[in-house]
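Descriptive analysis of the structure
Spelled out, the chains give:
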Amino acid sequence: DQQVKQNSPSLSVQEGRISILNCDYTNSMFDYFLWYKKYPAEGPTFLISISSIKDKNEDGRFTVFLNKSAKHLSLHIVPSQPGDSAVYFCAANWNAGNMLTFGGGTRLMVKP
Amino acid sequence: DTGVSQDPRHKITKRGQNVTFRCDPISEHNRLYWYRQTLGQGPEFLTYFQNEAQLEKSRLLSDRFSAERPKGSFSTLEIQRTEQGDSAMYLCASSPILGGYTFGSGTRLTVV
(Lines give C-alpha, C1' and ligand atoms only; values in the text may rest on other atoms or scores of the structure.)
Protein backbone atom coordinates (compact mmCIF):
# COMPACT_ATOMS: atom_id res chain seq x y z
CA ASP A 1 0.00 0.00 0.00
CA GLN A 2 1.68 3.17 -1.21
CA GLN A 3 0.98 5.83 1.37
CA VAL A 4 2.75 8.54 -0.64
CA LYS A 5 2.23 8.73 -4.38
CA GLN A 6 3.70 10.80 -7.14
CA ASN A 7 1.52 10.03 -10.13
CA SER A 8 3.63 11.76 -12.76
CA PRO A 9 6.81 9.83 -13.43
CA SER A 10 8.20 12.64 -15.56
CA LEU A 11 7.72 16.31 -16.36
CA SER A 12 9.29 18.46 -19.04
CA VAL A 13 9.36 22.26 -18.72
CA GLN A 14 10.95 25.11 -20.64
CA GLU A 15 13.63 27.11 -18.89
CA GLY A 16 12.17 30.15 -17.15
CA ARG A 17 8.69 28.67 -16.81
CA ILE A 18 7.08 27.23 -13.70
CA SER A 19 7.52 23.58 -12.74
CA ILE A 20 4.77 22.04 -10.63
CA LEU A 21 5.38 18.66 -9.06
CA ASN A 22 2.52 16.93 -7.29
CA CYS A 23 2.27 14.45 -4.46
CA ASP A 24 -0.70 12.72 -2.81
CA TYR A 25 -0.80 10.86 0.47
CA THR A 26 -3.29 8.57 2.13
CA ASN A 27 -2.18 8.43 5.76
CA SER A 28 -3.92 11.23 7.67
CA MET A 29 -1.43 10.79 10.52
CA PHE A 30 1.33 12.39 8.44
CA ASP A 31 2.13 15.82 9.83
CA TYR A 32 5.42 16.75 8.21
CA PHE A 33 6.26 16.71 4.53
CA LEU A 34 9.54 17.09 2.70
CA TRP A 35 10.83 17.35 -0.84
CA TYR A 36 14.16 15.87 -1.88
CA LYS A 37 16.07 16.27 -5.11
CA LYS A 38 18.26 13.54 -6.53
CA TYR A 39 20.89 13.71 -9.24
CA PRO A 40 22.20 10.50 -10.84
CA ALA A 41 24.85 8.70 -8.79
CA GLU A 42 24.16 10.89 -5.75
CA GLY A 43 21.99 10.50 -2.70
CA PRO A 44 18.83 12.57 -2.26
CA THR A 45 19.37 16.09 -0.96
CA PHE A 46 16.85 17.98 1.13
CA LEU A 47 15.08 20.80 -0.65
CA ILE A 48 12.18 22.16 1.38
CA SER A 49 9.67 21.01 3.98
CA ILE A 50 6.32 21.96 5.44
CA SER A 51 4.53 21.21 8.67
CA SER A 52 0.85 20.31 8.62
CA ILE A 53 0.06 23.46 10.59
CA LYS A 54 0.97 25.50 7.52
CA ASP A 55 -0.36 25.54 4.01
CA LYS A 56 2.59 27.19 2.30
CA ASN A 57 6.33 27.42 2.74
CA GLU A 58 8.63 29.37 0.48
CA ASP A 59 12.39 29.30 0.02
CA GLY A 60 13.74 31.29 -2.87
CA ARG A 61 12.54 29.77 -6.13
CA PHE A 62 10.90 26.86 -4.32
CA THR A 63 7.44 26.90 -2.75
CA VAL A 64 5.60 23.97 -1.25
CA PHE A 65 1.82 24.04 -0.88
CA LEU A 66 -0.12 21.70 1.37
CA ASN A 67 -3.83 20.96 1.04
CA LYS A 68 -4.67 18.79 4.03
CA SER A 69 -8.29 18.23 3.12
CA ALA A 70 -7.25 16.85 -0.25
CA LYS A 71 -4.18 15.11 1.18
CA HIS A 72 -2.16 16.76 -1.55
CA LEU A 73 1.03 18.74 -1.71
CA SER A 74 2.84 20.37 -4.56
CA LEU A 75 6.26 21.83 -5.20
CA HIS A 76 6.51 24.92 -7.40
CA ILE A 77 9.80 25.96 -8.93
CA VAL A 78 9.85 29.43 -10.45
CA PRO A 79 11.68 30.16 -12.65
CA SER A 80 12.86 26.72 -13.66
CA GLN A 81 16.53 26.36 -14.59
CA PRO A 82 18.34 23.57 -16.47
CA GLY A 83 20.24 22.74 -13.26
CA ASP A 84 16.89 21.83 -11.67
CA SER A 85 16.73 18.75 -13.92
CA ALA A 86 16.71 15.85 -11.47
CA VAL A 87 14.37 13.36 -9.81
CA TYR A 88 12.20 14.90 -7.10
CA PHE A 89 10.83 12.83 -4.24
CA CYS A 90 8.20 13.87 -1.76
CA ALA A 91 8.35 12.27 1.66
CA ALA A 92 6.26 12.32 4.81
CA ASN A 93 6.48 11.39 8.47
CA TRP A 94 4.42 11.83 11.63
CA ASN A 95 4.79 12.61 15.27
CA ALA A 96 8.42 13.63 14.71
CA GLY A 97 9.10 10.04 13.81
CA ASN A 98 12.31 8.93 12.24
CA MET A 99 11.03 6.93 9.33
CA LEU A 100 10.36 8.83 6.14
CA THR A 101 7.84 7.42 3.66
CA PHE A 102 8.80 8.39 0.13
CA GLY A 103 6.84 8.69 -3.08
CA GLY A 104 8.11 7.07 -6.24
CA GLY A 105 9.65 10.25 -7.64
CA THR A 106 9.10 12.55 -10.61
CA ARG A 107 11.86 13.15 -13.14
CA LEU A 108 11.96 16.83 -14.04
CA MET A 109 13.63 17.91 -17.27
CA VAL A 110 14.13 21.63 -17.79
CA LYS A 111 14.92 22.42 -21.40
CA PRO A 112 17.12 25.42 -22.24
CA ASP B 1 33.55 16.71 7.47
CA THR B 2 32.83 15.36 4.01
CA GLY B 3 29.28 14.26 4.67
CA VAL B 4 27.94 10.71 4.74
CA SER B 5 30.28 8.20 3.11
CA GLN B 6 29.26 4.82 1.80
CA ASP B 7 31.53 2.04 0.69
CA PRO B 8 31.65 0.43 -1.79
CA ARG B 9 29.88 2.53 -4.40
CA HIS B 10 29.15 -0.51 -6.51
CA LYS B 11 29.05 -4.20 -5.69
CA ILE B 12 28.44 -7.09 -8.07
CA THR B 13 27.97 -10.45 -6.40
CA LYS B 14 26.82 -13.90 -7.31
CA ARG B 15 23.53 -15.18 -6.01
CA GLY B 16 23.95 -16.90 -2.68
CA GLN B 17 26.96 -14.87 -1.58
CA ASN B 18 27.00 -12.61 1.47
CA VAL B 19 27.67 -8.90 1.10
CA THR B 20 28.42 -6.16 3.61
CA PHE B 21 28.16 -2.43 3.09
CA ARG B 22 29.64 0.29 5.26
CA CYS B 23 28.31 3.73 6.13
CA ASP B 24 30.25 6.49 7.86
CA PRO B 25 27.83 9.18 9.04
CA ILE B 26 28.51 12.83 9.78
CA SER B 27 30.47 12.63 12.99
CA GLU B 28 28.21 14.73 15.20
CA HIS B 29 25.01 12.96 14.06
CA ASN B 30 23.49 10.58 16.58
CA ARG B 31 21.06 8.90 14.20
CA LEU B 32 21.83 6.67 11.27
CA TYR B 33 19.35 5.22 8.80
CA TRP B 34 19.39 2.61 6.07
CA TYR B 35 17.06 2.76 3.07
CA ARG B 36 16.75 0.69 -0.08
CA GLN B 37 15.80 2.13 -3.45
CA THR B 38 14.79 -0.04 -6.37
CA LEU B 39 14.50 1.16 -9.94
CA GLY B 40 11.67 3.61 -10.44
CA GLN B 41 10.75 3.68 -6.77
CA GLY B 42 11.43 5.99 -3.88
CA PRO B 43 13.70 5.04 -0.99
CA GLU B 44 12.20 2.46 1.37
CA PHE B 45 13.04 2.56 5.06
CA LEU B 46 14.89 -0.46 6.44
CA THR B 47 16.23 0.37 9.90
CA TYR B 48 17.71 3.09 12.08
CA PHE B 49 20.06 3.58 15.01
CA GLN B 50 20.35 6.16 17.70
CA ASN B 51 23.97 5.99 18.75
CA GLU B 52 24.65 2.24 18.99
CA ALA B 53 21.04 1.24 19.72
CA GLN B 54 19.01 -0.15 16.85
CA LEU B 55 15.62 1.37 17.57
CA GLU B 56 13.63 0.07 14.63
CA LYS B 57 14.34 -3.06 12.66
CA SER B 58 10.93 -4.45 11.86
CA ARG B 59 11.17 -3.06 8.34
CA LEU B 60 14.24 -5.10 7.44
CA LEU B 61 13.14 -7.08 4.44
CA SER B 62 13.89 -10.54 5.75
CA ASP B 63 16.07 -12.29 8.29
CA ARG B 64 18.82 -12.31 5.69
CA PHE B 65 19.26 -8.58 6.35
CA SER B 66 21.03 -7.32 9.45
CA ALA B 67 22.64 -4.06 10.48
CA GLU B 68 25.06 -3.04 13.20
CA ARG B 69 26.49 0.15 14.60
CA PRO B 70 28.86 -1.24 17.20
CA LYS B 71 30.36 1.93 18.63
CA GLY B 72 27.76 4.43 17.62
CA SER B 73 29.90 5.66 14.74
CA PHE B 74 29.99 3.77 11.43
CA SER B 75 27.37 1.17 10.52
CA THR B 76 27.33 -1.96 8.41
CA LEU B 77 24.45 -3.55 6.54
CA GLU B 78 24.84 -7.23 5.73
CA ILE B 79 22.78 -9.29 3.33
CA GLN B 80 23.26 -13.02 3.58
CA ARG B 81 22.55 -15.50 0.78
CA THR B 82 21.84 -12.75 -1.72
CA GLU B 83 19.01 -13.13 -4.23
CA GLN B 84 18.48 -11.35 -7.52
CA GLY B 85 15.63 -9.39 -5.94
CA ASP B 86 18.15 -7.80 -3.59
CA SER B 87 19.61 -5.82 -6.49
CA ALA B 88 19.02 -2.19 -5.57
CA MET B 89 20.63 1.00 -4.34
CA TYR B 90 21.26 0.92 -0.59
CA LEU B 91 21.24 4.38 0.91
CA CYS B 92 22.52 5.46 4.29
CA ALA B 93 21.58 8.74 5.96
CA SER B 94 22.41 10.41 9.23
CA SER B 95 20.83 13.18 11.27
CA PRO B 96 21.05 14.87 14.62
CA ILE B 97 18.30 13.92 17.06
CA LEU B 98 16.28 16.93 15.97
CA GLY B 99 17.09 17.71 12.42
CA GLY B 100 16.98 16.64 8.81
CA TYR B 101 18.67 13.80 7.05
CA THR B 102 21.87 13.91 5.06
CA PHE B 103 22.06 11.02 2.63
CA GLY B 104 25.16 9.32 1.31
CA SER B 105 25.60 8.53 -2.37
CA GLY B 106 24.57 4.94 -1.88
CA THR B 107 25.90 1.49 -2.69
CA ARG B 108 24.53 -0.06 -5.85
CA LEU B 109 24.21 -3.82 -5.49
CA THR B 110 23.84 -6.09 -8.50
CA VAL B 111 23.19 -9.77 -7.85
CA VAL B 112 23.92 -11.99 -10.85
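Notes on the structure follow. Quick caveat, the model's predicted, so the values are computed rather than measured.

Another aspect to go through is unusual backbone geometry. In this structure, the amide linkage connecting Val78 of chain A to the following residue, Pro79 of chain A, adopts the cis form with an omega of -10°. Relative to the elements of secondary structure, Pro79 of chain A occurs in the loop between β8 (72-77) and β9 (86-93). Cis peptide bonds are those with omega within 30 degrees of zero, and the linkage from Asp7 of chain B to Pro8 of chain B qualifies with -5°. Here Pro8 of chain B lies in the loop between β1 (5-7) and β2 (10-13). Within the chain, Lys71 of chain A stands out as a residue other than glycine whose phi angle is a positive 50°. Following the sequence through the fold, Lys71 of chain A ends up in the loop between β7 (62-67) and β8. Of the residues examined, Lys71 of chain A reaches a relative accessible area of 26% and is grouped as partly exposed. Phi at Arg81 of chain B takes a positive value of approximately 50°, unusual for a residue other than glycine. Mapped onto the fold, Arg81 of chain B is located in the loop between β8 (75-79) and β9 (88-95).

Turning to the interface of chain B and chain A, a few remarks are in order. On the chain A side, the residues contacting the 17 residues of chain B number 14 residues. There are zero salt bridges connecting chain B and chain A. Here chain B and chain A share four residue pairs in polar contact (both at pLDDT 80 or more) between them. Those elements giving two or more residues to the side of chain B that touches chain A turn out to be β4 (31-37) and β5 (44-50) of chain B. In terms of residues, the side of chain B that touches chain A owes the most to one element, β4 of chain B, which gives four residues. Across the side of chain B that touches chain A, the residue classes break down as eight nonpolar, six polar and three charged.

What counts and how
Residues numbered from 1 in each chain as written. Chains lettered and ligands numbered in written order. Predicted model: local features only at pLDDT ≥ 70, side-chain atom pairs only at ≥ 80, totals over all residues. Heavy atoms only, no water. Helix = DSSP H or I, 4+ residues; strand = E, 2+ residues; numbered from the N terminus. Buried < 20%, exposed > 50% of the residue type's maximum accessible area, 1.4 Å probe, protein only. Contact = heavy atoms within 4.5 Å. Salt bridge = Lys/Arg side-chain N within 4 Å of Asp/Glu carboxyl O. Polar contact = N/O pair within 3.5 Å; in protein donor to acceptor, adjacent residues only side chain to side chain. Nonpolar A, V, L, I, M, F, W, Y, C, P; charged D, E, K, R; others polar.

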